[in-house]
Amino acid sequence: MAKQPPPTINRPTFEYFTFKGPHRVAVGDLAPAGLPGLVFTPSSGRRLPIVALGHGWLQSVDKYADTMRYLASWGIIVVAPNTHRSLFSSHQGLALDLSRALRMVAYGELGGGRVRGDLRRLGVLGHSTGGGAAVLAAAKDQQIRAVVTVTAAETKPSAIQAAGRVEAPSLHLIGAKDDWAESDGALIAQSWGGPAQLRRVKGSGHLGLAEGTSFINGILGADSDKKVQHATRILASAFFIRHLTDAPQLADQLETKVAGTKVLDPADPDLTPPLDAGDLANAAML
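About the criteria used
- Residues numbered from 1 in each chain as written.
- Predicted model: local features only at pLDDT ≥ 70, side-chain atom pairs only at ≥ 80, totals over all residues.
- Heavy atoms only, no water.
- Helix = DSSP H or I, 4+ residues; strand = E, 2+ residues; numbered from the N terminus.
- Expected span 1.5 Å × (residues − 1).
- Buried < 20%, exposed > 50% of the residue type's maximum accessible area, 1.4 Å probe, protein only.
- Polar contact = N/O pair within 3.5 Å; in protein donor to acceptor, adjacent residues only side chain to side chain.
- Contact = heavy atoms within 4.5 Å.
- Axes fitted to C-alpha atoms, helices over the stretch in contact; angles between N-to-C directions.
- Left-handed = near helix turned anticlockwise from the far one by under 90°.
- Nonpolar A, V, L, I, M, F, W, Y, C, P; charged D, E, K, R; others polar.
- Pairing = 2+ DSSP bridges.

### Brief notes about helix α7 (residues 226-244)
Step number 1: Helix length check: α7, at 19 residues, gives a terminal C-alpha distance of 26 Å against a target of 27 Å (1.5 Å per residue), a fit within 8%.
Step number 2: Here α7 lies mainly inside the structure; 14 of its 19 residues are buried.
Step number 3: Sitting at the amino-terminal end of α7 is D225, which places a side-chain oxygen 2.7 Å from the backbone nitrogen of K227.

### Section: the side chain of S60
Step number 1: Structurally, the position occupied by S60 is in the loop between β3 (45-54) and α1 (65-73).
Step number 2: Look at S60 and you get buried, because its relative accessible area is 15%.
Step number 3: Of note is the side chain of S60, whose polar atom sits 3.0 Å from the side chain of D62.
Step number 4: Beyond its immediate stretch of four places on either side in the chain, S60 contacts N82 and R85.

### Some words on the packing of α1 against α7
In a packed pair of helices, the relevant descriptors are the angle between the two axes and the axis-to-axis distance.
Step number 1: The interhelical angle for the contact between α1 and α7, taken along N-to-C directions, is 40°, at an axis separation of 9 Å. For the element pair α1 and α7, the recorded crossing hand is right-handed. Residues D66, T67, Y70 and L71 of α1 pack against R233, I234, A236, S237 and F240 of α7.
Step number 2: Its residues assigned to classes, the contact of α1 with α7 comprises five nonpolar, two polar and two charged.

### Observations concerning the sheet that holds strand β7 (residues 170-175)
Within a sheet, adjacent strands bond to each other through the backbone by hydrogen bonds, running parallel or antiparallel.
Step number 1: In spatial order, the strands read β1-β2-β4-β3-β5-β6-β7-β8-β9; together these nine strands make up an open sheet with mixed pairing. At either end of the open sheet lies a strand with only one pairing partner, and these are β1 (25-29) and β9 (261-264). Averaged over all pairs of adjacent strands, the angle between strand axes in this sheet comes to 20°, irrespective of strand direction.
Step number 2: Note that strand β6 (residues 144-150) and β7 share four bridges and pair parallel. Across the sheet, residue V147 finds its bridge partner in β7, namely S170.

What follows is the structure in structure tokens.
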């Protein structure tokens, strides 16, 4: 067997991702291209992976700026449509916008032509109902090759049912104190048609990934959480680099322990208790 070359910043092993990557990051507005939103890119690069981020219920995409910046520092173009943010917004509409945003970036020239994405390296990352929308997008868009959800919430149409049609590898983070959608992420992982890893983040509630505060925190009784933000940035960066680029050195490392998280078995029945009336009401609201 050929000896593996040593890890470097351009060939990182998992522990590298506990820090920001080596790329300078530029931020742009997606609106001139016809879709409200933000795009975070490395300052230069070719054949870069592209990840679309789905925001949570009533959240603006600027609530995820630091997470998007972290991924971009690792050579990933991150695009976030700022659409479908109303009280009764369309989950399927956000899913379609995620796919649309991926292609807008893939066919566009960013940074004056210094940055080019690769249509063969597409992924989605979603939080809350945006996590459900990311699943809906992957179920319809066969070019999406990697999916990450964070405290995902059930959607209409059902993300749990759609998960069974997705063969792309996936990572699902659930919150130990998520009182609004505690079993939805586990059910999505359990239903997944391809490889799926499920992790619980200690002490995290439903809105942990969203940065800062807004009126919705008071409505749901959930706060921004540095623990889930840090875990998401590490795991999502490594996951997307592993599955969207040539990074065989990461193949066996995504089972690695990350502080404050625990890998779970999606088939564990204790993770997916039967829904009661309150659960159904919460799902409808989210």
